[in-house]
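Listed here are the chains, written in short residue letters.
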Amino acid sequence: MKLSIPSTALPAIVFLLQSLRASAFDPLVLNPVDAYTQCEPVVFSWSGAFPPYDMGIFGTTLEALTATNATSRTWVVDFPAGTVVRAAVRSLNISSLTTASIPALTVMPSNDSSCL
Ligand SMILES: *[C@@H]1O[C@H](CO)[C@@H](O)[C@H](O)[C@H]1NC(C)=O
Ligand SMILES: *[C@@H]1O[C@H](CO)[C@@H](O)[C@H](O)[C@H]1NC(C)=O
Ligand SMILES: *[C@@H]1O[C@H](CO)[C@@H](O)[C@H](O)[C@H]1NC(C)=O
């Protein structure tokens, strides 16, 4: 039997396939942090997409955190108070290559400068 698809149906089929593909994994979401405080640890957590994940944290420099299969990680805020920090997580899995970020926050002061 010859399967014949009218050419006018092709855009709809392509759209359907794309939406199936897009829904094959949950969107990557990085949970916002409450605050960054100089030299204090902060816990990042995220959901969606597939492991492994890595993180990029941009302050006075860009820090690249090594890949992990976990969906959370702790980072010590090693930028001085007043630095505007932007954080993003990325799924490195070929099946779900995506990035998610959270709003920038300014590092709060503390009396600990041992990490700088
Ligand atoms: C990508 O994610 C799938 C589904 O979780 C997993 O089976 C696979 O091992 C992952 N690939 C890598 C390179 O980790
Ligand atoms: C993540 O899990 C995969 C599959 O178990 C493993 O091959 C890989 O080394 C792990 N990656 C990390 C960064 O732990
Ligand atoms: C630094 O320490 C002093 C004295 O203990 C305290 O009064 C002040 O609130 C501290 N500052 C910060 C930012 O924690």
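Parameters and conventions
- Residues numbered from 1 in each chain as written.
- Chains lettered and ligands numbered in written order.
- Predicted model: local features only at pLDDT ≥ 70, side-chain atom pairs only at ≥ 80, totals over all residues.
- Helix = DSSP H or I, 4+ residues; strand = E, 2+ residues; numbered from the N terminus.
- Buried ≥ 20, exposed ≤ 12 C-beta atoms within 10 Å, placed from the backbone.
- Contact = placed C-beta atoms within 7 Å.
- Near = placed C-beta within 6 Å.
- Nonpolar A, V, L, I, M, F, W, Y, C, P; charged D, E, K, R; others polar.
- Pairing = 2+ DSSP bridges.

Draft legend 1. Highlighting the overall build of the chain. What the chain contains, in helices and strands, is one helix and eight strands. Mapped in sequence order, the helices and strands of the chain form the string α-β-β-β-β-β-β-β-β. Of all 116 residues assigned to the chain, the portion counted as buried reaches 15%. Counting only contacts in the chain whose residues sit at least 6 apart along the sequence, the fraction spanning at least 24 positions is 64%.

Draft legend 2. Spotlight on the site of ligand 2. Taken together, Pro51, Pro52, Ala67, Thr68 and Asn69 are the residues near ligand 2. Looking at the shell around ligand 2 residue by residue, the class counts come to three nonpolar, two polar and no charged.

Draft legend 3. A look at the pairing of strand β3 (residues 53-58). Across five bridges, β3 lies against strand β4 (residues 62-68) in antiparallel orientation. Each residue of the ladder has a partner; that of Phe58, found in β4, is Leu62. Of the strand pairs in this sheet, β3 and strand β6 (residues 84-91) are connected by six bridges, and their pairing is antiparallel. Along β6, the bridge assignment pairs Ile57 with Ala87.

Draft legend 4. Region of interest: the environment of Arg90. Examined against the element boundaries, Arg90 turns out to sit in strand β6. Considered as a pair, Arg90 and Leu30 are 60 residues apart in the sequence and their alpha carbons are 9.4 Å apart. When near neighbours in sequence (up to four residues on either side) are disregarded, Arg90 contacts Tyr53, Asp54 and Thr99.

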